[in-house]
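Here is how the chains run, residue by residue.
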Amino acid sequence: MTRVVVLGGGFGGIETMRGLERRLGGRADIELLLVSDQNFLLFTPLLPQVASSLVEPRHIIQPIRDIRGSRRFRFRRDRVVGIDLAARRVHLAEGALDYDRLVVALGGITPTFGVPGVEAHALNYKTLEDGVLLRDHVIDLAEHADHEPDPAVRRRRLTVCVVGGGYTGVELIAELQDFVESYLVPRYRGIEPGDYRLLLLEAGTEILRGVHPTLAERARESLRRERIEVRTATRVTRVLEAAVEVAGGETVPVGLTVWAAGVKGHPVLAELPVEHDRLGRLVVDPHLRLPGHPEVYGVGDAVTIAGRPDASIPIIPAALAHGRLAADNLVADLTGRPLETIEFKPQGMLVSLGERHAVVEVMGVRFSGYAAWLFWNALHLYKLVGLRKQLQVALDWSLARVFPRDS
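Predicted, not measured: the structure shown is a model, and the values here were computed from it. (Residues numbered from 1 in each chain as written. Predicted model: local features only at pLDDT ≥ 70, side-chain atom pairs only at ≥ 80, totals over all residues. Heavy atoms only, no water.)

A.B. asks: An account of the overall build of the protein chain is needed here, citing residue identities and associated values.
C.D. replies: The number of helices and strands found in the protein chain is 11 helices and 26 strands. The C-alpha radius of gyration of the protein chain comes to 22 Å, within 12% of the 22 Å expected for a compact globule of 407 residues. Seen along its three principal axes, the alpha-carbon backbone of the protein chain occupies a region of about 70 × 45 × 45 Å. Put simply, the protein chain has 407 residues, and 53% of those count as buried. The contacts in the protein chain between residues at least 6 apart in sequence include a share of 65% that link residues at least 24 apart. With 50 positive and 51 negative side-chain charges, the protein chain shows a spacing of 4 Å between the two charge centroids. (Helix = DSSP H or I, 4+ residues; strand = E, 2+ residues; numbered from the N terminus. Rg over C-alpha atoms; globule rule 2.2 N^0.38 Å. Buried < 20%, exposed > 50% of the residue type's maximum accessible area, 1.4 Å probe, protein only. Contact = heavy atoms within 4.5 Å. Lys, Arg positive; Asp, Glu negative; His and termini not counted. Charge placed at Lys NZ, Arg CZ, Asp CG, Glu CD.)

Pasting the structure below:
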């Protein structure tokens, strides 16, 4: 019996397992096992809309056992605590698991870059729980500011600082602006439109790196029109309980700090005696195999592909492409066929800028505004797993046009 284990229930891991099951699911001599510490797939592009109460949190997750359906692969909910490459064994929180072939799709975490105070005083924004917690924190800020007589204290409490000007940070702060302007300000009589402040800090010289400069500039202009303060070339050096300190010694008073600064490798990967990139991700070859361990494949945010930075971008289309290739090559390896190399290149970039505005680049065509926003919504609705989830999210969006957001 050959046991094939896939670690991680994100887009890369699920896509790998679906490919393996299509080709190997009918073989009695193959055991397919998916291991993940969550029993659902999170549709991360819509996570900012959880914080803004635009969509119901349960509507953007799909239980892995529902995705499996009648497929023959097994699923185990457990947490990976270590991988022994020499012994071909995965150590889990509830035991150990031997493997013959392994696919590492553990994803990544948000790095702190050694900045003091991040873990103690900033909120992360990567999981479903993070989205719900952030929404609750923003509402709590409004509850306290509503009866605060001092305008300076009120404005400090209503200052939300998002650190990181990538996709997550930009889309999140745009959604928060919609939430504050359309929901909080009209309902809290002690809060005026000028009382809140939304601040986006980016250490680099531009936001949305990787997006065409024209679209990035349009995005920045859109944020400016919505009274969102964007500061580039501003590196955060310390996070305090009610402030952030930036390079040069300036201290910015804030009511809440959200840390959305990039992606680094999963902590378990750091312990493996193999090559890593500067962000702690595994370096794999163009076949997605781990050098020195041809029985191990890596996909998604967990890896960087040697010589192919364009195919190593931590975005969902790349993870899906990795998953398809890993499944193809693993099957080819088992059947003695030649392995293929990665051919992925980004076909476009889509960034939502809140309600009714987005910037989009698809197949070399760049556009922004309301049409781009409609395209963004339609594409992500299509990519949701399952008709039920598509209908639930579409209904959430429709109800938001008629009724106040449910907070």
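A.B. asks: I'd like a description of the packing of aromatic side chains, backed by residues and values.
C.D. replies: For any two aromatic rings, the description comes down to two numbers: the centre-to-centre distance and the angle of the planes. Evaluated as defined, the whole model comprises four aromatic pairs. Note on Phe11 and Phe43: the rings are 6.0 Å apart at their centroids and 65° apart in plane angle, and the pair reads as edge-to-face. Of the two residues, Phe11 is situated in helix H1 (residues 11-24) and Phe43 in the loop between strand E3 (40-42) and helix H2 (48-51); the sequence distance between them amounts to 32 residues. Here Phe11 and Phe43 have matching classes, each one buried. Measuring from centroid to centroid gives 5.5 Å for Phe179 and Tyr183, while their planes differ by 10°, and the two rings are stacked. With Phe179 and Tyr183 both in helix H7 (residues 167-187) and four residues apart, this pair spans about one turn of that helix. Judged by relative accessible area, Tyr183 falls into the buried class, the value being 15%. (Phe/Tyr/Trp six-rings, centres within 6.5 Å; stacked < 30°, edge-to-face > 60°.)

A.B. asks: Would you mind going over a nonpolar patch on the surface in detail, with residue names and values included?
C.D. replies: A cluster of nonpolar side chains, contributed by Leu395, Leu399, Val402 and Phe403, occupies part of the molecular surface with about 400 Å² of accessible area. Turning to its location among the elements, Leu395 is positioned in helix H11 (residues 387-400). Leu395 sits in the partly exposed class, given a relative accessible area of 48%. (Patch = residues over 30% accessible without salt bridge, like charges linked within 9 Å, V, L, I, M, F, W, Y side chains within 5 Å. Areas by Shrake-Rupley, 256 points an atom, 1.4 Å probe, with all protein chains shown as cover. Salt bridge = Lys/Arg side-chain N within 4 Å of Asp/Glu carboxyl O.)

A.B. asks: I'd like a rundown of the layout of surface pockets, residues and numbers included.
C.D. replies: Here the second largest pocket defines a volume of roughly 250 Å³. Lining the second largest pocket are 14 residues; nearest its centre among them are Ser53, Leu54, Glu56, Asp396 and Asp406. If one sorts the elements of the lining of the second largest pocket by residue count, H11 sits on top with three residues. Here the residues of the lining of the second largest pocket are counted per class, giving seven nonpolar, two polar and five charged. (1 Å grid on protein atoms, 1.4 Å probe; cavity = no way out; pocket = protein on both sides within 12 Å on 5 of 7 lines; lining within 4 Å. Points joined across faces, edges and corners; volume = space filled by probe spheres on them. Nonpolar A, V, L, I, M, F, W, Y, C, P; charged D, E, K, R; others polar.)

A.B. asks: Can you tell me about unusual backbone geometry, naming the residues and giving the values?
C.D. replies: Its identity as a non-glycine residue notwithstanding, Arg88 has a phi of 55°, on the positive side. Even without being a glycine, Arg227 presents a positive backbone phi close to 65°. With respect to the element layout, Arg227 can be found in the loop between helix H8 (213-225) and strand E14 (228-231). With relative accessibility at 49%, the residue Arg227 sits in the partly exposed group.

A.B. asks: For H7, give the residues involved together with the corresponding values.
C.D. replies: Its 21 residues place the ends of H7 30 Å apart at the C-alpha level, agreeing with the 30 Å of an ideal helix rising 1.5 Å per residue. Considering bend angle alone, the principal kink of H7 is centred on Val180 and spans about 35°. Most of H7 is tucked away: 15 of the 21 residues are buried. (Expected span 1.5 Å × (residues − 1). Bend = angle between axes of the 7 residues up to and from the residue.)

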